[in-house]
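For reference, the chains in residue letters:
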Amino acid sequence: MVLDTGSELSWLQCNTTQRDRPAFDPTRSVSYTPVACSSPTCTTQTQDFSIPASCDARNLCHAVLSYADASSSEGNLAFDNFTIAGSKFPGTIFGCMDSGSTTNPEEDSKTTGLMGMNRGSLSFISQMGFKKFSYCISASDLSGILLFGDSNYTWLLPLNYTPLIQISTPLPYFNRVAYTVQLEGIKVSENLLQLPKSIFEPDHTGAGQTMVDSGTQFTFLLSPAYTALRNEFINQTGGILRVLEDPDFVFQGAFDLCFRVPLNSTGLPELPAVSLVFRGAQITLSGARLLYRVPGEIRGSDAVHCLTFGNSELLGMEAYIIGHHHQQNVWMEFDLEKSRIGVAQVQCDLAGQRFGIRH
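Here the residue numbers are simple positions, counted from 1 along each chain's written sequence. pLDDT decides what is reported in this predicted model: residues at 70 or higher carry local features, side-chain atom pairs at 80 or more are listed and counted, and totals for whole chains, interfaces and linings draw on all residues regardless. Derived side-chain values reflect all non-hydrogen atoms in the structure, with water molecules and hydrogen atoms excluded from consideration.

1. So, the side chain of Lys187
If you trace the backbone, Lys187 turns up in strand 13 (residues 183-188). The class of Lys187 is buried, set by a relative accessible area of 16%. Side-chain atoms alone can form a polar contact between residues adjacent in sequence; in general such a contact is a pair of N or O atoms within 3.5 Å, and within protein one must be able to donate a hydrogen while the other accepts it. A polar side-chain atom of Lys187 sits 3.5 Å from a polar atom in the side chain of Glu190. Excluding its chain neighbours within four sequence positions, the residues that come into contact with Lys187 are Leu192, Ala273, Val274, Ser275, Val277 and Gln282. Note on conventions: DSSP H or I runs of at least 4 residues are helices, E runs of at least 2 residues are strands, and numbering of each starts at the N terminus. Burial classes follow relative accessibility: with a 1.4 Å probe on protein chains only, a residue under 20% of its type's maximum area counts as buried, one over 50% as exposed, and anything between as partly exposed. Contact criterion: two residues are considered in contact whenever any of their non-hydrogen atoms come within 4.5 Å of each other.

2. Focus: the sheet that holds strand 26 (residues 340-345)
Any two strands with at least two DSSP bridges between them are considered paired. If you trace the 5 strands from one edge of the open sheet to the other, you get 10-9-25-26-11, paired in antiparallel fashion. Only two strands of the sheet have a single neighbouring strand rather than two, namely strand 10 (145-148) and strand 11 (160-163). On average, each strand axis in the sheet is inclined to that of its neighbour by 15 degrees, with strand direction left out of account. Working convention: axes come from line fits to C-alpha atoms, limited for helices to the stretch in contact. Angles between N-to-C directions cover 0 to 180 degrees.

3. Here's the deal with the packing of aromatic side chains
Ring pairs (aromatic) are described by centroid distance and by the angle formed between their planes. Pairs were defined over the aromatic rings of Phe, Tyr and Trp, the Trp ring being its six-membered one, requiring ring centres within 6.5 Å. Orientation was assigned from the angle between planes: stacked under 30 degrees, edge-to-face over 60, tilted for the rest. One pass over the structure, following the stated rule, counts 20 aromatic pairs. Relative to Phe124, the ring of Phe82 lies with its centre 5.7 Å away and its plane at 65 degrees, an arrangement referred to as edge-to-face. Taken as a pair, Phe82 in strand 6 (residues 72-84) and Phe124 in helix 3 (residues 124-128) lie far apart in primary sequence, 42 residues in all. The pair formed by Phe82 and Phe124 is uniform in burial state, with each residue classed as buried. For the pair Tyr179 and Phe334, a centre-to-centre distance of 4.8 Å together with 65 degrees between the ring planes defines the contact as edge-to-face. Taken together, the positions of Tyr179 in the loop between strand 11 and strand 12 (180-181) and Phe334 in strand 25 (residues 330-335) put the pair 155 residues apart, joining distant regions of the chain. The residues Tyr179 and Phe334 share a single accessibility class, namely buried. The ring centre of Tyr161 lies 3.5 Å from the NZ or CZ of Arg340, which sits over that ring. For a lysine, the NZ atom is tested; for an arginine, the CZ atom; a charge sits over a ring if that atom is within 6 Å of the ring centre and within 35 degrees of the ring normal.

4. So, the pattern of salt bridges
The working definition used for a salt bridge is a side-chain nitrogen of Lys or Arg within 4 Å of a carboxyl oxygen of Asp or Glu. In total, this model carries 10 salt bridges according to the counting rule given. Notably, a salt bridge pairs Arg58 with Asp56, separated by 3.8 Å at the nearest N-O pair. Residue Asp56 is classed as buried on the basis of its relative accessible area, which comes to 18%. As a salt-bridge pair, Lys132 and Asp150 come within 3.3 Å of each other at their nearest N and O atoms. Of the two residues, Lys132 is situated in strand 9 (residues 132-136) and Asp150 in the loop between strand 10 and strand 11; the sequence distance between them amounts to 18 residues. Residue classification places Lys132 among the buried positions, given a relative accessible area of 13%. Taking relative accessible area as the criterion, Asp150 reaches 60% and is therefore assigned exposed. One salt-bridge network, held together by shared partners, links Arg242, Arg260 and Asp302.

5. Regarding the state of the cysteines
Linking two cysteines covalently via their sulfur atoms produces the bond known as a disulfide. Cysteine sulfur pairs qualify as disulfides if the two atoms are within 2.5 Å. Enumeration over the complete set of coordinates arrives at 5 disulfides. Between the sulfur atoms of Cys14 and its disulfide mate Cys96 the distance is 1.9 Å. Between Cys14 and Cys96, the disulfide has an S-S torsion of -110 degrees and is therefore left-handed. With a gap of 82 residues between them, Cys14 in the loop between strand 2 (11-13) and strand 3 (33-34) and Cys96 in strand 7 (residues 87-101) connect regions that are remote in the sequence. Accessibility expressed as a relative area gives 11% for Cys14, which makes it buried. Note that Cys136 is cross-linked by a disulfide to Cys348, the S-S spacing being 2.1 Å. Between Cys136 and Cys348, the disulfide has an S-S torsion of -75 degrees and is therefore left-handed.

6. Things to note about the side chain of Gln182
When you line up the elements, Gln182 lands in the loop between strand 12 and strand 13. On the basis of relative accessibility, which here comes to 8%, the residue Gln182 falls in the buried class. Within the structure, Gln182 has its side chain in polar contact with the backbone oxygen of Phe200 (distance 2.9 Å). For Gln182, the residues in contact, after removing those within four places along its chain, are Ile165, Phe200, Glu201, Val277, Phe278 and Arg279.

7. Some remarks on unusual backbone geometry
For Asn59, which is not a glycine, the phi torsion comes out positive at approximately 60 degrees. Looking at the secondary structure, you find Asn59 in the loop between strand 4 (54-55) and strand 5 (61-66). In this structure Asn59 comes out as exposed when scored by relative accessible area, which is 51%. Backbone geometry at Ala85 places phi at a positive 50 degrees, although glycine is not the residue there.

8. A closer look at the nonpolar core
For our purposes a nonpolar core is just a set of buried Ala, Val, Leu, Ile, Met, Phe, Trp, Tyr and Cys residues, chained together by side-chain atoms within 4.5 Å. Residues Ile186, Leu229, Phe233, Phe309 and Ile341 are the most contacted members of the largest nonpolar core, which totals 55 residues. The biggest single contributor to this core is helix 4 (residues 223-237), with 5 residues. The next biggest cluster of nonpolar side chains, apart from the first, holds 16 residues, and it includes Met211, Phe220, Cys306 and Ala319.

9. Considering the UniProt feature "active site" (unreviewed entry) in the protein
Feature annotation in UniProt places "active site" (unreviewed entry) on Asp4 and Asp213, given in this structure's numbering. In three dimensions, the annotated residues from a span of 210 residues occupy one location, with a maximal C-alpha spread of 6.6 Å. The residue Asp4 is located in strand 1 (residues 2-4) in this model. In this structure Asp4 comes out as buried when scored by relative accessible area, which is 4%. Setting aside chain neighbours within four positions, we find Asp4 in contact with Tyr67, Leu114, Met115, Gly116, Met117, Asn118, Asp213, Ser214 and Gly215. The residue Asp213 is located in the loop between strand 15 (209-212) and strand 16 (219-221) in this model. Take Asp213: its relative accessible area is 9%, and that puts it in the buried class. At 2.6 Å, the side chain of Asp213 forms a polar contact with the side chain of Thr216. UniProt positions are given in the numbering used here, feature names are shortened, and annotations may be inferred rather than shown by experiment.

Structure, rendered in structure tokens:
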């Protein structure tokens with residue numbers, strides 16, 4: 001399952017006719033129980049879904065889920081017994097999905113579903129009742145680690161904490177069940193971008209919040225911040241990177257700063273680090289985490305590499321989103337009791353070994 005801190009409902013692919021991906025067959029589970037659309041689970045607990053749950057022809061609770069990357073999933077809510085690492089969670093509510101659309105079929109074919117981990121009442125972490133969870137995403141294909149509950153990891157660097165931002169008043173564009181933090185600035189090398197503090201704060205409609213979302217690949221910034229970062233990065237890499245001059249090429253619809261890197265080069269040149277400065281914490285990105293090689297894009301004898309920050313407004317999003325690419329090799333602790341997120345730069349594969357996890 002894909003670990004997704006940006007969404008609520010966990011779901012499994014239940015369409016067993018698709019041979020190209022693993023699926024859960026509900027007919028083989030004696031404990032599987034569909035949720036009726038008249039039940040409180042369907043009528044009240046789905047209130048934070050972006051599209052309200054509805055009744056299907058069999059009077060079962062039907063959900064349509066849509067995601068930031070424009071993919072979607074559709075099916076029925078159900079109860080079943082989940083077991084994770086030996087712990088049993090009977091009567092867990094999840095989605096048994098039979099259709100949907102994907103923007104990344106190759107990746108989606110490797111997974112059976114999604115583990116929703118936001119602050120909504122139906123998320124996996126809310127149903128399990130844990131007040132804390134942590135994860136560490138490896139920078140390569142090595143295994144990462146997901147930890148439920150508290151654990152004594154004093155060997156870690158001290159975590160720097162940033163508070164979770166909550167707005168009690170319902171606002172049209174503010175996601176109340178997201179992990180929202182306060183982004184205060186962006187640095188390229190040690191140059192703090194000259195931006196007014198107000199552009200990092202949600203406006204009166206709730207637009208402009210900063211969400212930590214492990215289910216989104218890259219990081220998205222609102223236009224003023226994105227443009228300032230784009231200009232400063234070009235300015236600082238002028239002598240070492242060649243900009244791709246192609247106004248028609250925008251990677252994934254939001255990444256319009258790309259570079260030509262010779263195919264015969266042994267690696268990327270030394271790049272200026274980019275730091276995301278939060279209230280009380282900072283994540284610093286360097287090297288390969290700043291540029292992504294676009295598969296299959298060749299210009300002459302050059303590969304195409306794009307900056308891993310996109311313009312959220314090109315996708316019609318009114319938010320800053322910190323994606324999983326920029327959480328790699330960062331220990332991420334979600335402390336729901338104290339309403340804060342702790343971060344520390346760490347080698348995730350080594351952290352996994354500390355917990356006795358072998359790859």
